[in-house]
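# Structural characterization, general
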Amino acid sequence: MTMQSSATQSATETAERTAGLALGALGVLAFSMSLPATRVAVQDLDPWFVAFGRAVGAALLAYAYLKITGAPRPTRGQWRRLSIVALGVVVGFPLFTSLALTTQTSAHGAVVITVLPAMTAVFAVLRSNERPPPLFWIASIAGLLAVLTFLAASGAVHGALSLADLFLLAAVVLCGLGYAEGGVLARELGGARTICWALLLSLPATVPITAVAAVVSPPQADAVAWSAFGYLTVVSMFLGFFAWYAGLARGGIAKVGQIQLAQPVLTLIWSALLLDETVTPASIVAAVVVLACVLLIQRTRASAQMTVPASATQPGR
């Protein structure tokens, strides 16, 4: 009976990890077009309006979702942790990427974003007590080097460190923190509710800044720019986090976070389709290498601290 119970528990944990990986991959696919969409939007729209206006629009969707689902309000402790999520993914990442992409291409931005998986893993260790094994870090570094080599060979890496690069680095640090904290919190609130409450918590900051930006630089753009802004609002700032935070909660923040290694390559592909940038055949090789690293990461055996209890992923899936 004990063996059967253990086998059932193991099967449940495997199913949770598999679901976490699938949801994480869906989130990465959604986020991979964020930089190209931001680059398109800020060509016509003020970067402050793009960064905070999309958060306001997403907050309206979040309010509707929470109202329809009858979600209970977070506790005082959860509100404090939601403020970290809001700082990282609602304010920090959108703002600094918007500022950076007014002068840099999305392909160049993909170079800096490459370190996001490693940053997420670091914060996962600091914030959620996960302890990835050595092979995990080896595979992660290999994937990072593969992506950087590809980007350097494709010409995306050029020039000295600029103000735009500093903006992108700030975006990566804050985003990694927001991802890790949100992944932990999603085990209690669920992925959807975590981002929804974070968006609502940010309204006292996002609404006035959006209003000021709209007054100082009245938003005037063509249909393409507004479509990009709409994508950032509905997908990058809202729906993408439903899958992403649920995936981090189920599969482990450090482990699922490494799926982001594929994001720079996907971003360059989207950049080619949306911005007419050239994608060389080397992208196929890079994609295969990165995929191999991701698969190796997923095969690493986690220590006990990385195990995600099935019960912790139940609320608001």
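Anyway, here's the lowdown on the structure attached to this text. (Residues numbered from 1 in each chain as written. Predicted model: local features only at pLDDT ≥ 70, side-chain atom pairs only at ≥ 80, totals over all residues. Heavy atoms only, no water.)

## What about the overall build of the protein chain?
When helices and strands are tallied, the protein chain shows 14 helices and zero strands. Each helix (α) and strand (β) of the protein chain, taken in turn from the N terminus, gives the series α-α-α-α-α-α-α-α-α-α-α-α-α-α. A sequence separation of at least 24 residues applies to 93% of the contacts in the protein chain between residues at least 6 apart. When the accessible surface of the protein chain is totalled, it reaches about 13600 Å², and 69% of it is carbon and sulfur. (Helix = DSSP H or I, 4+ residues; strand = E, 2+ residues; numbered from the N terminus. Contact = heavy atoms within 4.5 Å. Areas by Shrake-Rupley, 256 points an atom, 1.4 Å probe, with all protein chains shown as cover.)

## Brief notes about a nonpolar patch on the surface
A contiguous nonpolar surface patch, about 220 Å² in accessible area, is contributed by Leu 61, Val 234 and Leu 239. One can find Val 234 in helix H11 (residues 223-251). (Patch = residues over 30% accessible without salt bridge, like charges linked within 9 Å, V, L, I, M, F, W, Y side chains within 5 Å. Salt bridge = Lys/Arg side-chain N within 4 Å of Asp/Glu carboxyl O.)

## Thoughts on H11
The largest bend in H11 comes to about 50°, at Phe 241. The buried fraction of H11 is high, at 22 of 29 residues. The opening residue of H11, the one whose side-chain oxygen lies 3.2 Å from the backbone nitrogen of Val 224, is Asp 222. After H11 finishes, the residue Gly 252 shows a positive phi value of roughly 100°. (Bend = angle between axes of the 7 residues up to and from the residue. Buried < 20%, exposed > 50% of the residue type's maximum accessible area, 1.4 Å probe, protein only. Polar contact = N/O pair within 3.5 Å; in protein donor to acceptor, adjacent residues only side chain to side chain.)

## As for the environment of Leu 232
Along the chain, the position of Leu 232 falls in helix H11. Taking C-alpha positions, Leu 232 is 9.2 Å from Leu 35, a pair spaced 197 residues apart along the chain. The contact partners of Leu 232, leaving out residues within four places of it in the chain, are Ser 34, Ala 37, Thr 38, Ala 41, Val 50, Arg 54 and Met 237.

## Remarks on the side chain of Gln 260
Along the chain, the position of Gln 260 falls in the loop between helix H12 (253-257) and helix H13 (263-275). Each residue touching Gln 260, except ones within four places of it in the same chain, is listed here: Val 28, Leu 116, Pro 117, Thr 120, Tyr 179 and Trp 244.

## Looking at the pattern of salt bridges
Evaluation of the coordinates by the stated rule reveals two salt bridges. Arg 81 serves as the salt-bridge partner of Glu 181, at 3.4 Å between the closest nitrogen and oxygen. With Glu 181 in helix H8 (residues 163-189) and Arg 81 in helix H4 (residues 76-100), this residue pair connects regions lying 100 residues apart in the sequence. Note that Arg 81 is salt-bridged to Glu 188, the shortest N-O span being 3.0 Å. Of this pair, Arg 81 sits in helix H4 while Glu 188 sits in helix H8, and the two are 107 residues apart along the sequence. Connected through salt bridges with shared partners, the residues Arg 81, Glu 181 and Glu 188 form a single ionic network.

## Thoughts on the packing of aromatic side chains
Aromatic rings in a pair are described by how distant their centres are and how their planes are angled relative to each other. On inspection of all chains with the given rule, the structure shows 14 aromatic pairs. Relative to Trp 197, the ring of Trp 79 lies with its centre 5.5 Å away and its plane at 80°, an arrangement referred to as edge-to-face. Here the residue Trp 79 occupies a position in helix H4, and Trp 197 occupies one in helix H9 (residues 191-201), the gap between them amounting to 118 residues. Among the aromatic residues, those joined into a cluster by ring pairs are Phe 31, Tyr 179, Phe 241, Trp 244 and Tyr 245. (Phe/Tyr/Trp six-rings, centres within 6.5 Å; stacked < 30°, edge-to-face > 60°.)

## Structural notes on helix H10 (residues 203-216)
The first and last C-alpha atoms of H10 sit 20 Å apart over 14 residues, in line with the 20 Å expected at 1.5 Å per residue. Where H10 is concerned, the buried positions are Thr 206, Thr 210 and Ala 213. Along the axis of H10, the buried residues cluster in a sector spanning 65°; they form a single face. More than 90 degrees from the buried face of H10, the exposed residues found are Pro 204, Val 212, Val 215 and Val 216. Where the residues of H10 are buried, they touch helix H3 (47-69) and H4. (Expected span 1.5 Å × (residues − 1). Arc of directions from axis to C-beta.)

## A closer look at the packing of H8 against H11
For any two helices packed against each other, one specifies the crossing angle of their axes together with the interaxial distance. Here H8 crosses H11 at 75°, and the two axes come no closer than 8 Å. Considering their axes alone, H8 and H11 lie roughly perpendicular with respect to each other. Contacts from Gly 178, Tyr 179, Gly 182, Gly 183, Ala 186 and Arg 187 in H8 reach Phe 241, Trp 244, Tyr 245, Leu 248 and Ala 249 in H11. Grouping the constituent residues of the contact of H8 with H11 by class yields seven nonpolar, three polar and one charged. (Axes fitted to C-alpha atoms, helices over the stretch in contact; angles between N-to-C directions. Parallel < 35°, antiparallel > 145°, perpendicular 65-115°, else oblique. Nonpolar A, V, L, I, M, F, W, Y, C, P; charged D, E, K, R; others polar.)

## Describing the nonpolar core
In this structure, Val 90, Tyr 179, Leu 199, Phe 241, Trp 244 and Tyr 245 are the most contacted members of the largest nonpolar core, which totals 75 residues. In this view, Leu 199 contacts Ala 55, Ala 58, Ala 59, Ala 62, Val 90, Met 237 and Phe 238; residues no more than four positions away in its chain are not counted. (Core = buried A, V, L, I, M, F, W, Y, C linked by side-chain atoms within 4.5 Å.)

## Considering the packing of H3 against H11
Two elements in contact, H3 and H11, have axes separated by 9 Å at closest approach and are oriented at 50°. By the angle class used here, H3 and H11 are oblique. Read as a crossing pair, H3 and H11 show a hand that is right-handed. Judged by residue contacts, Phe 49, Val 50, Gly 53, Arg 54, Ala 55, Gly 57, Ala 58, Leu 61, Ala 62 and Tyr 65 of H3 engage Trp 226, Phe 229, Leu 232, Thr 233, Val 234, Met 237, Phe 238 and Phe 242 from H11. Of the residues assigned to the contact of H3 with H11, the class counts are 14 nonpolar, three polar and one charged. (Left-handed = near helix turned anticlockwise from the far one by under 90°.)

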